[in-house]
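What follows is the residue order along each chain.
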Amino acid sequence: MENEQNKTPLYDALLKHFHNEPISFHVPGHKFGEVFNSRGLDTFKNILSIDATEITGLDDLHGADGVIEEAQKLASAFFNSDDTRFLVNGSTSGNLASIMAVCRPGDKVIVQRNSHKSILHGIELANAQPVFLMPEHEEETQRYSRVTVDLVQEALSAFPEAKAVILTYPDYFGRAYDIQKIIEVVHRYEIPVIVDEAHGVHFTLGSPFPISSLDAGADVVIQSAHKMAPAMTMASFLHSRDNRVDKTRLSYYLQLFQSSSPSYPLLASLDLARHFLSAFGTHHKKEILEHVSEVKEVLKDSSYPFEVLPAQNVDDPLKITLQTFAPWTGFEVAKELEEQEIHPELATSDQVLLTVGLRSHIKSGILKERLERVKWQLKNELPHGTIEAEALKFKKLQTLDIQYEDLQHKTPAFIDWRDASGRICAESVIPYPPGIPLIMKGERIKPESIDYVHVLLRQNARFQNERIGEGIWVY
């Protein structure tokens, strides 16, 4: 198996094809870089050499029986799945396809309240009825991040007719939970567990990383290989088991939600990312953990308006969370970092998330030098002052006030926030990142939710909603 994992069949086939100096009478129009804007050729020329299409010898993602199939089988063997598919439209396409594969119109599905928007979009497309479960609030993280066996059992007892349970593991900040016991409980009801594991592709490497949900027994697992492994943006894996999810339906919806002209550079990067992970040994783990510790030491300075949150044994060690001190907000600290070319993953009202890669890529000397400039800037600038807002409270279990199927027959109206309380939300209100809805489509808008949106707006949070500062679409 070790020798097998050393192969990169798809990447090798693309390289061989280019070195054969092919005469292209087919798309794409850049003809392996021969037809391209000179302004960008130096930057793009290497990747254009493998930007091919479905010609003889290079296989077809939607009917793989050659080098793509071989690359997917190598990935399946490495991740220990029954089947692994390459995704070129991001984990979003995998989330949509897996939900459509297990849900019919009117079916109930149990799903985390703090899921990514693509999960909610999949449930809406399926015309399914979501039952939201809200993770417990954790004092040490100041986030809703603990999913418990008891909470999932309560949901299943209340809604035994549910067709699936959809979990997010880990959360954006790398917090995991006892997913193995939860999956065992769900499987007693003979229904599948779908896991959005966008940030956990490297968990397959084992300790000190949390257990992977695939190893924990999940039925479908979607991983963004580009987030924590070295694949190109949008390149993702979908892993599945054969016994609880209809493979034919899953295959159909993967074709429906993925491009009919898949990017070969993205596919090849998945082949190479799997190869990278398979070669990741104990010495690599030791090296990266030492690197993370070194970075944390540079960040630990009492003169900064933040502290490094201590990692728990259920955390991904590659995620570093900075807890900011009032009156500085996370958004303001992130802005100061960015001005010194230190770019965080995301910021919230009171936290900043830093993501470290699987290699020692940060020069601590340069980081320290830039942080000194950040320190000087923070000393010489006045914060806007923390705008206080009481943390939103959510029910442990919640259904929509109007189901997606019924909303299709209603016409939305755009109104001022002052008139929105009590109305049904017609568009999910989504701070981005992390892309988790604050108010969901189909949910009745509460006064405290309106207050919280305005606090985030005054703190310069980003939303994926047009005209969010003016009002909201409602039914």
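Residues numbered from 1 in each chain as written. Predicted model: local features only at pLDDT ≥ 70, side-chain atom pairs only at ≥ 80, totals over all residues. Heavy atoms only, no water.

Looking at an unreviewed UniProt entry, one finds the protein named Aminotransferase class I/II-fold pyridoxal phosphate-dependent enzyme, with Halobacillus campisalis as its source organism. Under Sequence similarities (unreviewed entry), UniProt gives the following word-for-word description of the protein: "Belongs to the Orn/Lys/Arg decarboxylase class-I family." (UniProt positions renumbered as here; feature names shortened; annotations may be inferred.)

Quick look at the sheet that holds strand β3 (residues 129-133)
If you walk across this open sheet you meet the eight strands as β1-β9-β8-β7-β6-β2-β3-β14, and the pairing is mixed. The open sheet has two free edges, formed respectively by β1 (83-87) and β14 (397-399), since each of these has just one partner strand. Pairwise comparison of adjacent strand axes, ignoring direction, gives a mean angle of 20° for this sheet. For strand β6 (residues 165-168) and strand β7 (residues 193-196), the ladder comprises four bridges, and the chain directions are parallel. (Pairing = 2+ DSSP bridges. Helix = DSSP H or I, 4+ residues; strand = E, 2+ residues; numbered from the N terminus. Axes fitted to C-alpha atoms, helices over the stretch in contact; angles between N-to-C directions.)

Remarks on the sheet that holds strand β11 (residues 319-324)
A sheet is described by the order of its strands in space; here four strands give the open sequence β10-β11-β13-β12, paired in antiparallel fashion. For this open sheet the edge positions go to β10 (306-308) and β12 (346-347), each flanked by a neighbour on one side alone. Looking at chain direction, β10 and β11 are connected through three bridges and run antiparallel. Bridge assignment links F306 to a residue of β11, and that residue is T324. On the sheet, helix α12 (residues 282-299) packs against β10, β11 and β13 (351-355) and is oriented at approximately 15° with respect to β11. Running at roughly 45° to β13, helix α13 (residues 330-339) makes contact with β10, β11, β12 and β13 of the sheet. (Contact = heavy atoms within 4.5 Å.)

What about the side chain of N95?
Structurally, the position occupied by N95 is in helix α5 (residues 90-102). With residues near it in sequence (within four places) discarded, N95 still touches S118, I119, D196 and I222.

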